[in-house]
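Each chain, letter by letter, is given below.
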Amino acid sequence: AQSVTQLDSHVSVSEGTPVLLRCNYSSSYSPSLFWYVQHPNKGLQLLLKYTSAATLVKGINGFEAEFKKSETSFHLTKPSAHMSDAAEYFCVVTPSGGATNKLIFGTGTLLAVQP
Amino acid sequence: NAGVTQTPKFQVLKTGQSMTLQCAQDMNHNSMYWYRQDPGMGLRLIYYSASEGTTDKGEVPNGYNVSRLNKREFSLRLESAAPSQTSVYFCASSPISLQGYGDTQYFGPGTRLTVL
């Protein structure tokens, strides 16, 4: 069975410093992996996705993530945090195969950005 | 282009009341989904519809029913609301990729439901 673990429920950084949000996954087959962001009282927006192409994936707003099969990780990074990055971030895995797109969500990491 | 829309945005119910959450998408997507979001639990799939005319249970279907009215619309019904169904409900849609998985889901803004 597929699962995803977000290692930190809360992360706090200062504006202008790097961001690292950690995610580990479990999958029997090569997974598809996503990061979604949810700003307060809003829906979810796709940041980036990995679907077995390049292992370093670039997303919107300067975020990127690296798929590391040997470590079963898909950590999200950004070189320099901005106040507008304060939000909740979800790491998501899709079970491989089949004709559906069921997503398995992590429990979320709340990112706070201090001025 | 509205994307995925949901109505209502907010709702308060009493235990035992019924209601239907509406969802519509204008992206011509084949698949649609209903999730609930609870603190510390991420999003959990309630029901999904892989294509028009089909629906299947997700992770937490008990207490809910769905209808895929046409390709655009997918509604979620609570027949007899319970306090445990207090949550934020999200609808999503996606096209079906050639591989059948790994496709992006697009989310609506959510419905905040409180059951007293």
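Residues numbered from 1 in each chain as written. Chains lettered and ligands numbered in written order. Predicted model: local features only at pLDDT ≥ 70, side-chain atom pairs only at ≥ 80, totals over all residues. Heavy atoms only, no water.

**Q** How should the overall build of chain B be read in this particular structure?
**A** Summing up its helical and strand segments, chain B has zero helices and 11 strands in all. The order of α-helices and β-strands along chain B, N terminus first, is β-β-β-β-β-β-β-β-β-β-β. Expected size for 116 residues packed as a compact globule is a radius of gyration near 13 Å; at 14 Å, chain B falls within 12% of this value. Oriented by its inertia axes, the alpha-carbon framework of chain B measures out at about 45 × 25 × 25 Å. Evaluated residue by residue, chain B yields a buried proportion of 50% over its 116 residues. Taking the contacts inside chain B whose residues are at least 6 apart along the sequence as the reference set, 56% of them involve residues at least 24 apart. Surface accessibility of chain B: about 5300 Å² in total, with carbon and sulfur atoms responsible for 50%. (Helix = DSSP H or I, 4+ residues; strand = E, 2+ residues; numbered from the N terminus. Rg over C-alpha atoms; globule rule 2.2 N^0.38 Å. Buried < 20%, exposed > 50% of the residue type's maximum accessible area, 1.4 Å probe, protein only. Contact = heavy atoms within 4.5 Å. Areas by Shrake-Rupley, 256 points an atom, 1.4 Å probe, with all protein chains shown as cover.)

**Q** Teacher, can you tell me more about the overall build of chain A here?
**A** For chain A, the helix and strand inventory stands at zero helices and 12 strands. The helix and strand sequence of chain A, counted from the amino end, reads β-β-β-β-β-β-β-β-β-β-β-β. Against the compact-globule benchmark of 13 Å for 115 residues, chain A has a radius of gyration of 14 Å, which places it among compact chains. By principal-axis analysis of the C-alpha atoms, chain A measures approximately 45 × 30 × 20 Å. In chain A, which comprises 115 residues, the share counted as buried stands at 43%. Here the contacts in chain A between residues at least 6 apart in sequence split such that 56% fall between residues at least 24 apart. Surface summary for chain A: the accessible area is close to 5400 Å², and the carbon and sulfur share equals 53%. Charged side chains of chain A number 8 positive and 7 negative; the gap between the two group centres comes to 9 Å. (Lys, Arg positive; Asp, Glu negative; His and termini not counted. Charge placed at Lys NZ, Arg CZ, Asp CG, Glu CD.)

**Q** Can you walk me through the side chain of Q85(B) in this structure?
**A** Along the polypeptide, Q85(B) turns up in the loop between β8 (74-78) and β9 (87-94). Not counting residues within four places of it along the chain, the set of residues in contact with Q85(B) comprises R36(B), N62(B), G63(B), Y64(B), L78(B), S80(B), L113(B) and V115(B).

**Q** Please explain unusual backbone geometry as it appears in this structure.
**A** Generally, phi is negative for residues other than glycine and the peptide bonds are trans, each holding for most cases. For the peptide bond that leads from T7(B) to P8(B), omega is -5°, which places it in the cis range. Its place among the elements puts P8(B) in the loop between β1 (4-7) and β2 (10-13). Notably, N41(A) is not glycine yet its phi reads approximately 60°, a positive angle. By relative accessible area, which is 61% here, N41(A) ends up exposed. The backbone of N28(B) shows a phi angle near 60°, a positive value even though the residue is not glycine. Following the sequence through the fold, N28(B) ends up in the loop between β3 (19-25) and β4 (31-37). Assessed through its relative accessible area of 58%, N28(B) is described here as exposed.

**Q** What's the story with the pairing of β8(B) in this structure? I'm lost.
**A** In summary, the side chains of a regular strand alternate between the two faces of the sheet. Residues and elements named next belong to chain B. Of all five residues that make up β8, four are buried, and the element is covered over most of its length. Looking at chain direction, strand β7 (residues 64-68) and β8 are connected through five bridges and run antiparallel. Of the residues in β8, the one forming a bridge with R68 is F74. Here β7 folds back onto β8 in antiparallel fashion, the turn holding five residues. (Pairing = 2+ DSSP bridges.)

**Q** I would appreciate a short explanation of the sheet that holds β8(B) in the present structure.
**A** The strands that make up a sheet pair up through hydrogen bonds in the backbone, lying either parallel or antiparallel. Residue and element names in this part refer to chain B. Spatial ordering of the open sheet is given by β1-β3-β8-β7, a layout of four strands whose pairing is antiparallel. Either end of the sheet is taken by a strand with one partner, and the two such strands are β1 and β7. Taking the axes of each pair of neighbouring strands and ignoring which way they run, one obtains an average angle of 20° across the sheet. (Axes fitted to C-alpha atoms, helices over the stretch in contact; angles between N-to-C directions.)

**Q** I keep staring at the pattern of salt bridges and nothing clicks. Help me out?
**A** Side-chain pairs of opposite charge can arise where the charged atoms are in close proximity. Summed over all chains, the structure comprises six salt bridges over all chains. Here K58(A) and E64(A) are joined by a salt bridge, their closest N and O atoms 2.8 Å apart. On the accessibility criterion, K58(A) (62% relative accessible area) is exposed. Across the salt bridge formed by R44(B) and D38(B), the nearest N and O atoms sit 2.8 Å from each other. Neither R44(B) nor D38(B) differs from the other in exposure class; each is buried. Salt bridges here are not isolated pairs; linked through shared partners, they connect R36(B), D38(B) and R44(B). (Salt bridge = Lys/Arg side-chain N within 4 Å of Asp/Glu carboxyl O.)

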